[in-house]
Each structure stands twice: as C-alpha cells, then as structure tokens.
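Fold and geometry: a report
Each chain is listed here by its residues.
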Amino acid sequence: MTAAHEAQIRVSEIFGPTIQGEGILIGLPTVFVRTGGCDYRCSWCDTLHAVDSDYRDQWRPMSADEIWQEVSRLSGNRPLTVSLSGGNPAIQPLGTLIKRGHRDGYRFALETQGSIAKDWFADLDVLVLSPKPPSSGMETDWDAFDTCLRMAGEKPQIALKVVVFDDRDYLYAQAAAARYPDLPVYLQPGNHTPPPPNDDDARVDIDGIMDRMLWLVDKVTGDRWFEARVLPQLHVLLWGNKRGV
C-alpha cells in the first residue's frame, strides 16, 4: 500500500514521554497516541475531547509513518512503551503503526472496552480490556469481548481492568473476574469530577476520589478478594485533569 493510499488514523493527540497513570503498566515511561472516536458514551468519560464527534475537527488524520515520526521525536529515538488509547483505539487501523514501531524496538500497549475486535490485537505487547460497569450507562457485549480475546491469541500480556464507583460496579467487577479467572484483575476508583472537553484545568475532587479508593480497598480486603489489585489513576493525583501529561 502506498503512502497516498494508506489508511488514515484519526489522532486526537500525541504526547509524552510521561508515565502511564493507571492499570498494569502504572508508572512506566510512555508516549501516548490518543485516537479520536468511540462507540461508547460513558456517563463519566474523562476524555470527551477524543470521544464526542462534536470535537472531530480537532482530530487529525495521520498516516502510520507520520505518527511514528512524532513518537520518535518525542522519545528521542529511544525505545519505550507506546500507549494506544482513545476514545476506543480499536476503531482505528493501527496494525501498520505497531509493526513499524516494533522494528525499532518499541513496545505497544492498548486499552479498549472489548467491544470491537481486530486481528492486529495479536501483535500487541500488552492488551488491557476494560469493560464498562453499570455506572457508565453502557451494556457489555460479552460475545464481542470474547472475540477480542480470541483475536489477541497468546502473544500479548492481557489484563482485565474495571472502574468502580459504587456497589453495583463492584459486583460487576467480581462477576467479570469470575468469568475470566485466568486474567489478572485491576480495580480503579472512578473519578466523579471528569473535565469538560475544553477545560483541562477543571477542579478535581481528590478527597472524594481517595475516599472511594479507601472504600474499595476495604471492600476487596473484607471480601478476601486477594486476586484483585486496587490502583488509583496516578496521573489524576499528580496533575488533576490536565491534558498532555
């Protein structure tokens, strides 16, 4: 496929190096490629600028080579982990980008809700599947989720991550973990003060988030759910709702 006919990837933002703020790779130096577009509309979405089509004029169509030039520039050509996020990055044609980066020794991690499966999942190094709990207002298609697992196959390291706001979400997380007992499970207290799309200085209720973190820790330990790992959104604790960090 020539560059002129290469599938374009809708990009909301590319930034870093920074640290991964959540989940299985928390704290790891990372460059983020955030794609635009999502098939979900979660009630507490904290990246509406990359989700809502009202902001599509801010998304830039880019080729894999154009994206790679920016990733290489930001990382100083030193291999690190590239996080593919969104929105739902599974919507985008990311297979060529992953192959390009692997040639230079970079690793690729992707997080998705598990609603759309792609064959290039098998080329990832890390796949985080984050089904959305009842508080999101979305419903999980477990057949689609299972297809994502089949597409990933044996290569990527796969983890289950669930955002938890309340008891219903907690029960949902337990049921999801029971459905996939071989997957490590990460629980994340939800941020009930997500930013408006155009205001990354919006107030964050850190005290409220930490109260939910403590509640979640008490739930897990009280239930003797020793397989679960409870982690915060580290980037929210450090930078609030600021973008590009």
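Residues numbered from 1 in each chain as written. Predicted model: local features only at pLDDT ≥ 70, side-chain atom pairs only at ≥ 80, totals over all residues. Heavy atoms only, no water.

**As for the sheet that holds strand β5 (residues 107–112)**
Spatial ordering of the open sheet is given by β3-β1-β2-β4-β5-β6-β7-β8-β9, a layout of nine strands whose pairing is mixed. Two strands in the sheet have a free side with no partner beyond their single neighbour: β3 (60–62) and β9 (228–230). When strand polarity is set aside, the average angle formed by the axes of neighbouring strands in this sheet is 30°. With five bridges connecting them, strand β7 (residues 157–164) and strand β8 (residues 185–189) associate as parallel partners. Its bridge partner lying in β8, valine 163 is registered against glutamine 188. Running at roughly 150° to β5, helix α2 (residues 95–103) makes contact with β4 (81–85) and β5 of the sheet. (Pairing = 2+ DSSP bridges. Helix = DSSP H or I, 4+ residues; strand = E, 2+ residues; numbered from the N terminus. Axes fitted to C-alpha atoms, helices over the stretch in contact; angles between N-to-C directions. Contact = heavy atoms within 4.5 Å.)

**Here's the deal with empty space enclosed by the protein**
For the structure shown, the criterion picks out two cavities of 30 Å³ or more. Of the voids in this model, the second largest cavity is the one considered here, and its volume is about 50 Å³. Taken together, Pro189, Gly190, Asn191, Ile209, Pro232, Gln233, Val236 and Leu237 form the lining of the second largest cavity. Across the lining of the second largest cavity, the residue classes tally to five nonpolar, three polar and no charged. (1 Å grid on protein atoms, 1.4 Å probe; cavity = no way out; pocket = protein on both sides within 12 Å on 5 of 7 lines; lining within 4 Å. Points joined across faces, edges and corners; volume = space filled by probe spheres on them. Nonpolar A, V, L, I, M, F, W, Y, C, P; charged D, E, K, R; others polar.)

**A few points about the environment of arginine 60**
By the element assignment, arginine 60 lies in strand β3. You can call arginine 60 partly exposed: its relative accessible area is 48%. Counting along the chain gives 50 residues from arginine 60 to arginine 10, while the straight-line C-alpha distance between them is 5.5 Å. Not counting residues up to four positions away in its chain, the partners in contact with arginine 60 are Ile9, Arg10, Val11 and Glu66. (Buried < 20%, exposed > 50% of the residue type's maximum accessible area, 1.4 Å probe, protein only.)

**Concerning the packing of aromatic side chains**
What the rule picks out here adds up to 10 aromatic pairs. Consider the rings of phenylalanine 15 and phenylalanine 32, whose centres lie 5.1 Å apart with planes at 10°: the pair is stacked. Placement of phenylalanine 15 in strand β1 (residues 9–19) and of phenylalanine 32 in strand β2 (residues 29–35) is noted, with a sequence separation of 17 residues between them. Of the two residues examined, phenylalanine 15 and phenylalanine 32, each falls in the buried class. Ring geometry for tryptophan 120 versus phenylalanine 121: centroids 5.2 Å apart, planes at 80°, classification edge-to-face. Among the residues examined, tryptophan 120 registers a relative accessible area of 7% and is labelled buried. (Phe/Tyr/Trp six-rings, centres within 6.5 Å; stacked < 30°, edge-to-face > 60°.)

**Focus: the nonpolar core**
Counting 49 residues, the largest nonpolar core has Leu84 and Leu187 as the members making the most contacts within it. Leucine 84 has contacts with Val33, Pro89, Leu94, Leu97, Ile98, Phe108, Ala109, Leu110, Glu111 and Leu124, leaving out every residue within four places of it along the chain. Counting eight residues, the second largest nonpolar core, distinct from the first, contains Cys42, Trp44, Val51 and Val163. (Core = buried A, V, L, I, M, F, W, Y, C linked by side-chain atoms within 4.5 Å.)

**A closer look at α2**
Those residues of α2 that sit buried are Gly95, Leu97, Ile98 and Gly101. For α2, the angular spread of the buried residues around the axis is 160°, confining them to a single face. Trailing α2 by a residue or two, glycine 105 shows a phi angle of about 90°, which is positive. (Arc of directions from axis to C-beta.)

**A look at unusual backbone geometry**
Residue glycine 16 is joined to proline 17 through a cis peptide bond whose omega torsion reads -5°. Within the secondary structure layout, proline 17 lies in strand β1. A cis amide bond links glycine 86 with the next residue in sequence, glycine 87, at an omega value of 15°. Turning to its location among the elements, glycine 87 is positioned in the loop between β4 and α2. The phi torsion at asparagine 77 lies on the positive side, around 60°, for a residue other than glycine.

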